[in-house]
Amino acid sequence: MRIGALASGTGTILEALLEADLAVAVVVVDRACGAEKVAERAGLPVVRVERRDFSKSFDRDGYTDAVVAALVEHAVDVVAMAGFGTVLGPSVHERFAGKVLNTHPALLPAFKGWHAVEGAIAAGVKVTGCTVHIATLEVDDGPILAQEAVPVLSGDTVESLHERIKQVERRLYPATVREFIDALERDGTDGWEER
Ligand code: GRF
């Protein structure tokens, strides 16, 4: 199973996938970012599908098609989002149906969206966490594969809480991706090619 990782951030979650010896075949980024450097240092192919438009008229479907083309070109079987900052359109979920994974820094369905950690602090919750799930067209939705709780401590900032959550994500995400791939290999693929 060849994994295509999608990232936009500092790349520490990507680094954890690589340290777990998961078979990442290509890293796709949507901007210049730390994750790009992590991939380059690991000697992996990196494709920057640069997102230049952050306006309402952004051609999301066209952008998604370009990401899918990069993944297909590298014969990817499973897509692992590792902090990807662009919400993708339907074509990625059609081409990799049920095989797009995501890690989210909150206990879904609570605190969906890009500001999940800020949301948890603003709500004053005492416990948040992380969720690994199968991504669907609906953002931060889809079947949950694993979750782990993380305490919110008094005096936490967005940075301190996010880092505590990411420490868990760096363990839980690679382990869950591994289990997912093992199950696919054991039970056979029901992928797009075979339908
Ligand atoms: C993680 O918390 C992930 O859940 C979120 O983005 C963060 C990525 O962290 N979607 P990093 O850039 O890999 O450190």
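Residues numbered from 1 in each chain as written. Predicted model: local features only at pLDDT ≥ 70, side-chain atom pairs only at ≥ 80, totals over all residues. Heavy atoms only, no water.

1. With respect to the site of the ligand
Inspection of the region around the ligand gives Gly9, Thr10, Gly11, Thr12, Ile13, Gly83, Thr103, His104, Pro105, His162, Lys166 and Glu169 as its neighbouring residues. Backbone polar atom of isoleucine 13 to an oxygen atom of the ligand: 2.8 Å apart, as the coordinates give it. Between threonine 103 and the ligand, the recorded distance is 3.0 Å, taken from a backbone N or O atom to an oxygen atom. Burial of the ligand by the surrounding chains reaches 91%, relative to a free accessible area of 370 Å². When contributions to the shell around the ligand are tallied by element, the ones reaching two or more residues are helix H1 (12-19), strand S5 (100-104) and helix H6 (158-187). A total of three residues in the shell around the ligand trace back to one element, the largest contributor, which is H6. Split by residue class, the shell around the ligand holds two nonpolar, eight polar and two charged. Of the domains in this structure, domain 1 (1-97) and domain 2 (103-190) are the two that each give at least three residues to the shell around the ligand. (Near = heavy atom within 4 Å. Polar contact = N/O pair within 3.5 Å; in protein donor to acceptor, adjacent residues only side chain to side chain. Areas by Shrake-Rupley, 256 points an atom, 1.4 Å probe, with all protein chains shown as cover. Helix = DSSP H or I, 4+ residues; strand = E, 2+ residues; numbered from the N terminus. Nonpolar A, V, L, I, M, F, W, Y, C, P; charged D, E, K, R; others polar. Domains from an automatic or database assignment.)

2. Observations concerning the packing of aromatic side chains
In total, this model carries one aromatic pair according to the counting rule given. Consider the rings of phenylalanine 58 and tyrosine 63, whose centres lie 5.6 Å apart with planes at 55°: the pair is tilted. Tyrosine 63 shares its class with phenylalanine 58; the two are buried. The side chain of arginine 51 reaches across the aromatic face of phenylalanine 58, ending 3.9 Å from its centre. In this arrangement the basic side chain of arginine 95 is found over the ring face of phenylalanine 96, its NZ or CZ atom lying 5.0 Å from the centre. (Phe/Tyr/Trp six-rings, centres within 6.5 Å; stacked < 30°, edge-to-face > 60°. Buried < 20%, exposed > 50% of the residue type's maximum accessible area, 1.4 Å probe, protein only. Lys NZ or Arg CZ within 6 Å of the ring centre and 35° of its normal.)

3. Re the sheet that holds strand S4 (residues 78-81)
Overall, mixed pairing links the seven strands, which are arranged S3-S2-S1-S4-S5-S6-S7 in an open sheet. Of all the strands in the sheet, the pair left with one neighbour each is strand S3 (46-48) and strand S7 (144-151). The sheet shows a mean angle of 20° between the axes of neighbouring strands, direction not considered. Note that S4 and S5 share two bridges and pair parallel. In the strand pairing of S5, alanine 80 is matched with leucine 101. The strands touched by H6 within the sheet are strand S1 (3-7), S4, S5, strand S6 (127-134) and S7, with S7 carrying the most contacts at an inclination of about 160°. (Pairing = 2+ DSSP bridges. Axes fitted to C-alpha atoms, helices over the stretch in contact; angles between N-to-C directions. Contact = heavy atoms within 4.5 Å.)

4. Thoughts on the pattern of salt bridges
Counted under the stated rule, the structure contains nine salt bridges. One salt bridge in this structure joins arginine 31 and aspartate 30, with 2.8 Å as the shortest N-O distance. Under the relative-accessibility criterion, arginine 31 is labelled partly exposed at 27%. Arginine 171 is paired through a salt bridge with glutamate 148; the nearest N and O atoms lie 2.7 Å apart. Taken together, the residues span a long stretch of sequence, with arginine 171 in helix H6 and glutamate 148 in strand S7 at a distance of 23 residues. Overall, the relative accessible area of 46% leaves arginine 171 in the partly exposed class. Take glutamate 148: its relative accessible area is 24%, and that puts it in the partly exposed class. A cluster of three or more residues bridged by salt bridges with shared partners is formed by Glu36, Arg48 and Glu50. (Salt bridge = Lys/Arg side-chain N within 4 Å of Asp/Glu carboxyl O.)

5. A few points about the confidence of the model for the chain
For the chain, per-residue confidence averages 95 on the pLDDT scale, and residues scoring 70 or more make up 96% of the total. In this model, residues 190-195 is a region of pLDDT below 50 whose contacts with residues beyond four sequence positions or in other chains number eight contacts. (pLDDT = per-residue confidence, 0-100.)

6. Looking at the packing of H1 against helix H2 (residues 34-41)
To characterise two packed helices, one gives the angle between the axes of the helices and the distance between these axes. At a minimum axis separation of 8 Å, H1 and H2 run at an interaxial angle of 25°. What the angle tells us is that H1 and H2 run roughly parallel. Counted together, Leu14, Glu15 and Leu18 of H1 and Ala35, Val38, Ala39 and Arg41 of H2 form the full contact between these two elements. Partitioned by chemical class, the residues of the contact of H1 with H2 number five nonpolar, no polar and two charged. (Parallel < 35°, antiparallel > 145°, perpendicular 65-115°, else oblique.)

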